[in-house]
Amino acid sequence: MQNIEIIKQLQEKHKSIDKQKLNFYIRNLVLLEFLRYNDNVEYFDEAFESIMLENKSLDNELDYALQEAIFITLQPLRRDIDIKNLEKIIMGWSGQILKRDITEGRYAKDLIHYFDDDTLDLSVENLKNISKEKLKEYLEYNNMVACEEKEKCTKSLLKMVSKNISKPNMSDELFYSKLGPIYYRFIRIHPFQDGNGRVSRMLVNYMFNQRNDCLPIGLSNDDISELSKIQQQASKHIYIASMGNYLSDLQYEDCTDAEKMLTANIGTYLKNKQNQAKAKLFGAKKENYENIRDNRRYEL
């Protein structure tokens, strides 16, 4: 689906928001993703409209970075996504981001490692003194998981997503109590070799887009750092609760007490970001969005 069609769908969903104001907000969300890896705002201003309208051939790395930022921002906002095909859609998102061949429709067959526990100090200083054999043994025994286990947990997670967005009358309290664990689990399961943070942000906005009164949100690097702190705290507690088996409980829908308590903080954080978006876009203040290329304060 073309970018402009997704914007029209979003405008139709949020008719009460001035189109110019909404477009400017989406533009800033794209910029936030673009600036995560590039700081060339001048190029963004020059190329954004052409790439957004798909009138420009992509012939340099900045073009591809901007196209990726647009893709990350807009794809979760499509109104024609069938939740029955969610697994295939998630693979498509990852394949687009990583430019990976996904024709076989399966997850990356790699071993992944999770948050460190306290049994081994993996600081730079100590790594110099650890033998390769000892480090390999530690990672294989404590911090690695086979892809089959990862795939099982990912499928369980996507079932949670489907259940969470298929109940139109779900209360905000229940929605955010589910959103926190889903975001946390996706990062913990880490289904792809790269791009997991980007796909997790897409997944959050996809879920927001399924609720009539919700808007897409942007997560800055500071936001991601704060969420990472909560995730690490949750991981430490869950590691202790599950006797060191990181994924033993993540393949089930019901949270452990440790996960439930700590991921509630993630749900609250995302709820606050949603409320900020609503305050900005549903607020009464009308701003001037003309000559936006002269506006260097891309605030979200």
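Residues numbered from 1 in each chain as written. Predicted model: local features only at pLDDT ≥ 70, side-chain atom pairs only at ≥ 80, totals over all residues. Heavy atoms only, no water.

*Asks:* For this particular structure, what's the right way to read helix 9 (residues 172-189)?
*Replies:* Since the α-helix turns once every 3.6 residues, residues separated by three or four places project in the same direction. For helix 9, which comprises 18 residues, the first-to-last C-alpha distance of 25 Å matches the rise-based estimate of 26 Å (1.5 Å per residue) to within 8%. With 13 of 18 residues buried, helix 9 is to be regarded as a mostly interior element. Just downstream of helix 9 lies His190, where phi reads positive at about 55°. (Helix = DSSP H or I, 4+ residues; strand = E, 2+ residues; numbered from the N terminus. Expected span 1.5 Å × (residues − 1). Buried < 20%, exposed > 50% of the residue type's maximum accessible area, 1.4 Å probe, protein only.)

*Asks:* It is not clear to me how the pattern of salt bridges should be interpreted in this structure. Could you clarify?
*Replies:* Should the charged atoms of two oppositely charged side chains come close, the side chains can pair. The final tally for this structure, using the stated rule, is 13 salt bridges. Residue Arg27 pairs with Asp45 through a salt bridge whose shortest N-O separation is 3.1 Å. Here Asp45 lies in helix 3 (residues 41-52) and Arg27 lies in helix 2 (residues 19-35), a separation of 18 residues in the sequence. For Arg27, a relative accessible area of 7% puts it in the buried group. Measuring nitrogen to oxygen at the nearest pair gives 2.9 Å for the salt bridge that ties Arg201 to Glu33. You can see Arg201 sitting in helix 10 (residues 196-209) and its partner Glu33 sitting in helix 2, a full 168 residues away along the chain. Here the two residues Arg201 and Glu33 agree in accessibility, since each one is buried. Via salt bridges that share partners, Glu33, Arg36 and Arg201 belong to a single interconnected network. (Salt bridge = Lys/Arg side-chain N within 4 Å of Asp/Glu carboxyl O.)

*Asks:* Please clarify how the side chain of Asp45 should be interpreted in this entry.
*Replies:* Among the residues examined, Asp45 registers a relative accessible area of 5% and is labelled buried. Of the polar contacts made by the side chain of Asp45, one reaches the side chain of Arg27; its length is 3.1 Å. (Polar contact = N/O pair within 3.5 Å; in protein donor to acceptor, adjacent residues only side chain to side chain.)

*Asks:* Quick question: what am I supposed to make of the environment of Ala69 here?
*Replies:* Residue placement: Ala69 occurs in helix 4 (residues 61-74). You can call Ala69 buried: its relative accessible area is 2%. Linking Ala69 and Tyr37, residues 32 residues apart in sequence, is a C-alpha distance of 9.7 Å. Aside from chain neighbours lying at most four places away, what touches Ala69 is Val30, Glu33 and Phe34. (Contact = heavy atoms within 4.5 Å.)

*Asks:* What am I meant to see in the packing of aromatic side chains here?
*Replies:* Scanning the entire structure with this criterion turns up seven aromatic pairs. On the numbers, 6.1 Å between centres and 75° between planes, the contact of Trp93 with Tyr206 is edge-to-face. Taken together, the residues span a long stretch of sequence, with Trp93 in helix 5 (residues 86-98) and Tyr206 in helix 10 at a distance of 113 residues. The class of Trp93 is buried, set by a relative accessible area of 3%. (Phe/Tyr/Trp six-rings, centres within 6.5 Å; stacked < 30°, edge-to-face > 60°.)

*Asks:* Would you mind going over unusual backbone geometry with me for this structure?
*Replies:* Peptide bonds are trans in most cases, and residues, glycine excluded, mostly fall at negative phi. Its identity as a non-glycine residue notwithstanding, Glu54 has a phi of 60°, on the positive side. Relative to the elements of secondary structure, Glu54 occurs in the loop between helix 3 and helix 4. Given a relative accessible area of 41%, Glu54 falls into the partly exposed group.

*Asks:* Sorry, what's going on with helix 4 here?
*Replies:* Here helix 4 spans 20 Å end to end across 14 residues, near enough to the 20 Å set by a 1.5 Å rise per residue. For helix 4, the complete set of buried residues consists of Asp63, Leu66, Glu68, Ala69, Ile70, Phe71, Ile72, Thr73 and Leu74. Lining the buried residues of helix 4 we find helix 1 (3-13), helix 2, helix 3, helix 5 and helix 10. Between the side-chain oxygen at the start of helix 4 and the backbone nitrogen of Leu62 there is a gap of 2.9 Å, and the oxygen is on Asn60.

*Asks:* Could you clarify how one ought to interpret the packing of helix 1 against helix 2 in this entry?
*Replies:* Relative orientation and spacing of two packed helices are given, respectively, by the angle between their axes and the distance between those axes. One can describe the packing of helix 1 onto helix 2 by two numbers: an axis separation of 11 Å at closest approach and a directional angle of 125°. Taken together, the axis directions place helix 1 and helix 2 in an arrangement best described as oblique. Between helix 1 and helix 2 the crossing geometry is right-handed. Residues Ile7, Leu10 and Gln11 of helix 1 form the contact with helix 2, whose participating residues are Lys19, Leu22, Asn23 and Ile26. Tallied by class, the residues present in the contact of helix 1 with helix 2 amount to four nonpolar, two polar and one charged. (Axes fitted to C-alpha atoms, helices over the stretch in contact; angles between N-to-C directions. Parallel < 35°, antiparallel > 145°, perpendicular 65-115°, else oblique. Left-handed = near helix turned anticlockwise from the far one by under 90°. Nonpolar A, V, L, I, M, F, W, Y, C, P; charged D, E, K, R; others polar.)

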